[in-house]
Amino acid sequence: MFILIVGCGRVGSSVARAMLREGHTVSALDEDPESHARLEVGLEKSWEDLGGQFTVGAGLEAEALEAAGIDQADVFIASTDGDNTNIIISQIAQRRYDVPTVIARVLDPLRAEWYARQGLQTVCPTRVAIDMLETAVRDSTGRGNG
Amino acid sequence: MYIIVVGAGKVGWNLARELLEKDHEVTLIENDRRRYTTVEQELEHNVSYGDASELWVLERAGIQRADMVIAVTGDDEDNMLICQVAREKYLVDQIIARVNNPRNRQHFDLLGIKPSVSATDLILRLLEHEVPEYGLVHLLDLQEEQLEIIEMLLGKDSGVTGRRVGDLQMPEGSLLISVLRSGKGFVPTADTILEEGDEVLAVLDPGKEDELKVLFGPAGDGGISSG
């Protein structure tokens, strides 16, 4: 599959590496040229030598998305550090470029929930953290006296 | 009317002030603490602190009963999201969005966010009108109807000066609708002879501009004389 990842922070770069290792075609797009270095953390060869693609540009620029190969993408992942950016570019990927699978990272649980109901696949790390913390508290044993 | 304005920059602040003077009820939302404090000294309870792309901030501002939401922050993604949520989640009747980068206009259109206003676009239009070297002035875009109206000034060397309108080979999908001559306008007939200094208006399908430029420009280089 061709996977396009916009936003190469900790999350985006880790997913990009994992998908490349699993044999997929991976293209990463980020505004910051320095984020290329993050892609190569722990790799024995360069990102490009391993078959990865990297484009510098913003997720809202049609030229950048097209240069990064959005027209061929089977999967689009929006993982920039801006919730609104992720939500908007995901809708562009869905509606303008007909990407079959589009996933947006949204930190705000309220926005993640509402857009999920509108048909956008969202992943909300904050929601995951809340659930895990609540479970951890419920499962705790306390001092044993009440 | 109850109007929520998002973004207390120069545009938002002045807009909120004008709307208040016209006796509208206004809440201006600003997410920069320092800017909020400055604006609050003048607008007092009409300004609210918070990130308007957080749904609870919009709800606290009473978006459920708002008649209009105007998003004029400096960030196009924020403006798009706020307007989308206002219209689709809170069913606000009227939205207006500011486009900071004119290249993002296509995204506003794609998401159905309109009207959207771009200062850069407006200034470019003015520039085209004020700088006659551009030759052809874009007067109106009827986007829904897929038509444009343009104005052309005929120079001495224009290929159509002195010619009969009926003899012009107008490109398909274009039509001369009026001629302004010595301050007076009239609808040309086939027998009208075009003169130097005439300002002609044409209605056309989008994308026909270049063909018209060639026809109406100087016989030699295809541009239109500034007269």
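Predicted, not measured: the structure shown is a model, and the values here were computed from it. (Residues numbered from 1 in each chain as written. Chains lettered and ligands numbered in written order. Predicted model: local features only at pLDDT ≥ 70, side-chain atom pairs only at ≥ 80, totals over all residues.)

Residue and element names in this part refer to chain B. Pairing of strand β4 (residues 68–71) with strand β5 (residues 94–98), which is carried by 4 bridges, proceeds in the parallel orientation. By the bridge assignment, Ala-71 is partnered in β5 with Ala-97. Note that β5 and strand β6 (residues 116–117) share 2 bridges and pair parallel. When the bridges of β6 are listed, Arg-98 appears paired with Val-117. Following the chain from β5 across helix α5 (residues 105–110) to the adjacent parallel β6, one finds a crossover that is right-handed. (Pairing = 2+ DSSP bridges. Helix = DSSP H or I, 4+ residues; strand = E, 2+ residues; numbered from the N terminus. Right-handed = clockwise from strand over helix to strand, strands pointing away.)

So, about the packing of helix α4 (residues 83–95) of chain A against helix α4 (residues 76–88) of chain B. Following both chains from N to C, one finds α4(A) and α4(B) inclined at 70 degrees, their axes separated by 9 Å at the closest point. Put simply, α4(A) runs roughly perpendicular to α4(B). On the side of α4(A), the interface is formed by A:Asn84, A:Thr85, A:Ile87 and A:Ile88, while α4(B) contributes B:Glu77, B:Asp78, B:Met80 and B:Leu81. (Axes fitted to C-alpha atoms, helices over the stretch in contact; angles between N-to-C directions. Parallel < 35°, antiparallel > 145°, perpendicular 65-115°, else oblique. Contact = placed C-beta atoms within 7 Å.)

Now for the environment of B:Leu212. Residues and elements named next belong to chain B. Of note, Leu-212 is situated in helix α7 (residues 209–216). Between the C-alpha atom of Leu-212 and that of Met-152, which follows or precedes it by 60 residues, the distance is 9.4 Å. If we ignore the near neighbours within four places in the chain, the residues touching Leu-212 are Pro-171, Ser-174, Ala-202 and Leu-204.

This part takes up unusual backbone geometry. Residue and element names in this part refer to chain B. For the bond from Lys-114 to Pro-115, the omega torsion is 0 degrees, close enough to zero to count as cis. Position of Pro-115 among the secondary structure elements: in the loop between α5 and β6. Not every positive phi belongs to a glycine, and Asp-23 is a case in point at roughly 65 degrees. Here Asp-23 lies in the loop between α1 (10–21) and β2 (25–30). Its 8 C-beta neighbours within 10 Å are what place Asp-23 among the exposed residues. Unlike most non-glycine residues, Leu-91 shows phi in positive territory, near 55 degrees. (Buried ≥ 20, exposed ≤ 12 C-beta atoms within 10 Å, placed from the backbone.)

The extent of an interface is frequently quoted as the accessible surface area lost upon association of the parts. Every contact between the two is made by 14 residues of chain A and, on the other side, 14 residues of chain B. Elements that contribute at least two residues to the side of chain A that touches chain B include exactly α4 and α5 (109–117) of chain A. Per-element tally for the side of chain A that touches chain B: the top contributor is α4(A), with 7 residues. Looking at the side of chain A that touches chain B residue by residue, the classes come out as 6 nonpolar, 4 polar and 4 charged. (Nonpolar A, V, L, I, M, F, W, Y, C, P; charged D, E, K, R; others polar.)

Looking now at the sheet that holds β6(B). All names here are of chain B. Overall, parallel pairing links the 6 strands, which are arranged β3-β2-β1-β4-β5-β6 in an open sheet. Every other strand in the sheet has two partners, leaving β3 (47–49) and β6 as the edge strands with one partner each. Docked against the sheet, α1 engages β1 (2–6), β2, β4 and β5, running at close to 165 degrees with respect to β2. Along the sheet, helix α2 (residues 33–43) contacts β2 and β3; its crossing angle with β3, the most-contacted strand, is approximately 155 degrees.

In this section: the confidence of the model for chain B. Residues and elements named next belong to chain B. With 88% of its residues at a pLDDT of 70 or more, chain B has an overall mean of 87. Confidence, expressed as mean pLDDT per element, reaches its minimum in chain B at strand β7 (residues 136–142) with 64 and its maximum at β2 with 98. Low pLDDT (under 50) marks residues 221–227, which in the prediction has 27 contacts with non-local residues, meaning those over four places away or in another chain. (pLDDT = per-residue confidence, 0-100.)

Residues and elements named next belong to chain A. A sheet is described by the order of its strands in space; here 6 strands give the open sequence β3-β2-β1-β4-β5-β6, paired in parallel fashion. Of all the strands in the sheet, just β3 (53–56) and β6 (121–123) have a single pairing partner and so form its edges. Neighbour-to-neighbour, the strand axes of this sheet turn through a mean angle of 20 degrees, independent of strand direction. Of the pairings in the sheet, the one linking strand β5 (residues 101–105) to β6 comprises 3 bridges and is parallel in character. Its bridge partner being in β6, Arg-105 is matched across the sheet by Val-123. The strands touched by helix α1 (residues 10–21) are β1 (2–6), β2 (25–30), β4 (75–78) and β5; relative to β2, the strand with the most contacts, the crossing angle is about 165 degrees.

Domain annotation for chain B reports domain 1 (2–120) and domain 2 (129–216). Here the C-alpha centre of domain 2 of chain B lies 40 Å away from the C-alpha centre of domain 1 of chain B. (Domains from an automatic or database assignment.)

Before going further, it helps to examine the environment of B:Leu20. Residue and element names in this part refer to chain B. Structurally, the position occupied by Leu-20 is in helix α1. The exposure class of Leu-20 is partly exposed, given the 15 C-beta atoms found within 10 Å. Separated by 17 residues in sequence, Leu-20 and Ile-3 have C-alpha atoms that sit 9.6 Å apart. Each residue touching Leu-20, except ones within four places of it in the same chain, is listed here: Val-26 and Asn-46.

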